[in-house]
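Summary of the model geometry
This is what each chain is made of:
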Amino acid sequence: MPNAVLESISIIDTPGILSGEKQRISRGYDFAAVLEWFAERVDRIILLFDAHKLDISDEFSEVIRSLKNHEDKMRVVLNKADQIGTQQLMRVYGALMWSLGKIVGTPEVIRVYIGSFWAQPLLVADNRKLFEAEEQDLFKDIQGLPRNAALRKLNDLIKRARLAKVHAYIISSLKKEMPNMFGKDNKKKELIANLGEIYNRIEKEHQISPGDFPKLAKMQEILANQDFSKFQTVKPKLLEAVEDMLANDIAKLMTLVRQEEAAMPSQSVQGGAFEGTMNGPFGHGYGEGAGEGIDELEWVVARDKPTYDEIFYTLSPVNGKVSGAMAKKEMVKSKLPNTVLGKIWKLADVDNDGFLDDEEFSLANHLIKVKLEGHELPTDLPEHLIPPSKRGL
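Basis of the calculations
Residues numbered from 1 in each chain as written. Predicted model: local features only at pLDDT ≥ 70, side-chain atom pairs only at ≥ 80, totals over all residues. Heavy atoms only, no water. Buried < 20%, exposed > 50% of the residue type's maximum accessible area, 1.4 Å probe, protein only. Helix = DSSP H or I, 4+ residues; strand = E, 2+ residues; numbered from the N terminus. Right-handed = clockwise from strand over helix to strand, strands pointing away. Pairing = 2+ DSSP bridges. Patch = residues over 30% accessible without salt bridge, like charges linked within 9 Å, V, L, I, M, F, W, Y side chains within 5 Å. Areas by Shrake-Rupley, 256 points an atom, 1.4 Å probe, with all protein chains shown as cover. Salt bridge = Lys/Arg side-chain N within 4 Å of Asp/Glu carboxyl O. Contact = heavy atoms within 4.5 Å. Core = buried A, V, L, I, M, F, W, Y, C linked by side-chain atoms within 4.5 Å. Axes fitted to C-alpha atoms, helices over the stretch in contact; angles between N-to-C directions. Left-handed = near helix turned anticlockwise from the far one by under 90°. Nonpolar A, V, L, I, M, F, W, Y, C, P; charged D, E, K, R; others polar. Lys, Arg positive; Asp, Glu negative; His and termini not counted. Charge placed at Lys NZ, Arg CZ, Asp CG, Glu CD. Expected span 1.5 Å × (residues − 1). Parallel < 35°, antiparallel > 145°, perpendicular 65-115°, else oblique.

Burial runs high along strand 2 (residues 74-79): six of the six residues are buried. Of the two faces of strand 2, both are covered, the one formed by Met-74, Val-76 and Leu-78 as well as the one formed by Arg-75, Val-77 and Asn-79. In terms of handedness, the path from strand 1 (residues 45-50) via helix 2 (residues 58-66) over to strand 2 forms a crossover that is right-handed. As defined by bridge partners, strand 2 adjoins strand 3 (residues 112-114) across three bridges and the pair is classed as parallel.

Here's what the structure looks like:
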């Protein structure tokens, strides 16, 4: 398709997941195996769920299980969340996390993005701000993929190296157990049946993570058609080379990748929806929180300044300024953590003299209000919040 987004990223949309009666219809190919093949080669896997009809069918469960060892690439999108109210959305989100916890066997929680990802009016607009914030987070995640492509390939190399090492231990162990002359077929069947125990023994003997082992059922199926007598014993020098690569070479490669990324121009996904909300009044958070009053001619803090001035003059200012100790007594009444209040002080003390005049004190209280309303504080003080008497300094 002629779309600027596709110049920096390729998107593969899978056929819809079958559910209910449709699951009885054969696709004519191994759907889960095809997705597993793609999972090994992609940078990001996005699982889509509809909030109004949350259902993890048998086929979907099988697909998610086939993505084992690629959990770091997986993200979940709870789509069409505008079709239900806030209370029901909380229940749906909890049910989704519980269902995924039974299927995805990792201690880490998969990141879930909630929203309505299409260009239609929201049916229930109660959670508009949440949807906008989640959309921006998802877009940032996707935009960062070209930057992290080299690192992802390096991670895949590490996975393959560890799998090859485990494979060598398994094959060597099977070779050792085989008799030299008679009863080879019976011993082979016994070893395949007890492959799980061999996995456990290798895991304890060589301190290998269970996640590094190939899938048991698949390995048993493949081994059934192999001639065990042709297997090789383990070669310590080759394993030492792999260990050395994982311990030393990978660390050096990681440094080189980071250096190369720093030297290259910033790579990110551009065009389409990624630029639709970046700038202008419909940008995320525009005119809200610390951004309130950005388009106004008057200083936005001036609205509440009379109230803040009353408090200011009760603090006994000297030469029109209050000390840090006096300001602190008032600021801690907000019950915000000291780390947050310290940041507010730094932003409000515009002239860096260690004191606050009436305008700076009003600014500090305005920023406290912004934080208490649930908005983030800016890293640097925006131009529209600079007190009028301090502008141009």
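Right, let's get into a nonpolar patch on the surface. Residues Ile-12, Tyr-29, Val-34, Trp-37 and Phe-38 make up a contiguous nonpolar surface patch of roughly 480 Å² in combined accessible area. One can find Phe-38 in helix 1 (residues 31-39). The partly exposed category is assigned to Phe-38, whose relative accessible area is 31%.

With that settled, the discussion passes to the side chain of Lys-73. On the secondary structure map, Lys-73 appears in the loop between helix 2 and strand 2. If near-sequence neighbours (up to four positions away) are discounted, Lys-73 is found in contact with Ala-39, Glu-40, Arg-41, Val-42, Asp-43, Arg-44, Ile-45, Arg-152 and Asp-156.

This next bit is on unusual backbone geometry. In this model, Lys-80 sits at a positive phi of 55°, which is unusual for a non-glycine residue. Secondary-structure assignment places Lys-80 in the loop between strand 2 and helix 3 (86-103). Judged by its relative accessible area of 29%, Lys-80 falls in the partly exposed class. Phi is positive for Asn-352, close to 55°, though the residue is something other than glycine.

A separate point is the nonpolar core. Counting 27 residues, the largest nonpolar core has Leu-47, Phe-49, Ile-64, Met-74, Val-76 and Leu-78 as the members making the most contacts within it. Those elements that provide at least two residues to this core are helix 1, strand 1, helix 2, strand 2, helix 3 and strand 3. Residue contributions to this core peak at five residues, all from helix 3. The residues touching Leu-78, leaving out its near neighbours within four places in the chain, are Phe-49, Asp-50, Ala-51, Leu-89, Val-92, Tyr-93, Leu-96, Val-112, Tyr-113, Ile-114 and Gly-115. Counting residues in each nonpolar core, the second largest holds 25 residues, with Val-301, Val-340, Ile-344 and Ala-348 among its members.

Okay, the packing of helix 5 (residues 145-177) against helix 7 (residues 195-206) next. Helix 7 packs onto helix 5 with a crossing angle of 115° between their chain directions and a minimal axis gap of 10 Å. The handedness of the crossing between helix 5 and helix 7 comes out as right-handed. Contact with helix 5, carried on its side by Tyr-169, Ile-170, Ser-173, Leu-174 and Glu-177, involves Leu-195, Ile-198, Tyr-199, Arg-201, Ile-202 and His-206 of helix 7 and no other residues of that element. Each residue belonging to the contact of helix 5 with helix 7 can be placed in one class, and the counts come to seven nonpolar, two polar and two charged.

With parallel pairing, three strands are arranged side by side in an open sheet as 1-2-3. Taken across any chain shown, the strands that pair with only one partner, and hence form the sheet edges, are strand 1 and strand 3. Across the sheet, the axes of successive neighbouring strands diverge by a mean angle of 25°, strand direction being ignored. Packed on one face of the sheet, helix 4 (residues 128-143) meets strand 1, strand 2 and strand 3 and runs near 135° to strand 3.

A word on the pairing of strand 1. Relative to strand 2, strand 1 runs parallel, the two sharing six bridges. Within strand 2, the residue paired with Phe-49 across the bridge is Leu-78.

Further remarks concern a negative patch on the surface. Taken together, Asp-30, Asp-55, Asp-58 and Glu-62 make up a surface patch of like negative charges. Tracing the backbone shows Asp-55 in the loop between strand 1 and helix 2.

The end-to-end C-alpha separation of helix 3 is 26 Å, in line with the 26 Å expected for 18 residues at 1.5 Å each. On its buried side, helix 3 packs onto strand 1, helix 2, strand 2, strand 3 and helix 4.

Quick look at the packing of helix 12 (residues 324-331) against helix 13 (residues 338-348) now. Two elements in contact, helix 12 and helix 13, have axes whose closest approach is 12 Å; the angle formed by their N-to-C orientations is 130°. When the interaxial angle is binned, helix 12 and helix 13 end up oblique. As helix 12 runs across helix 13, the sense of the crossing is right-handed. Judged by residue contacts, Gly-324, Ala-327 and Met-331 of helix 12 engage Leu-341, Ile-344 and Trp-345 from helix 13.

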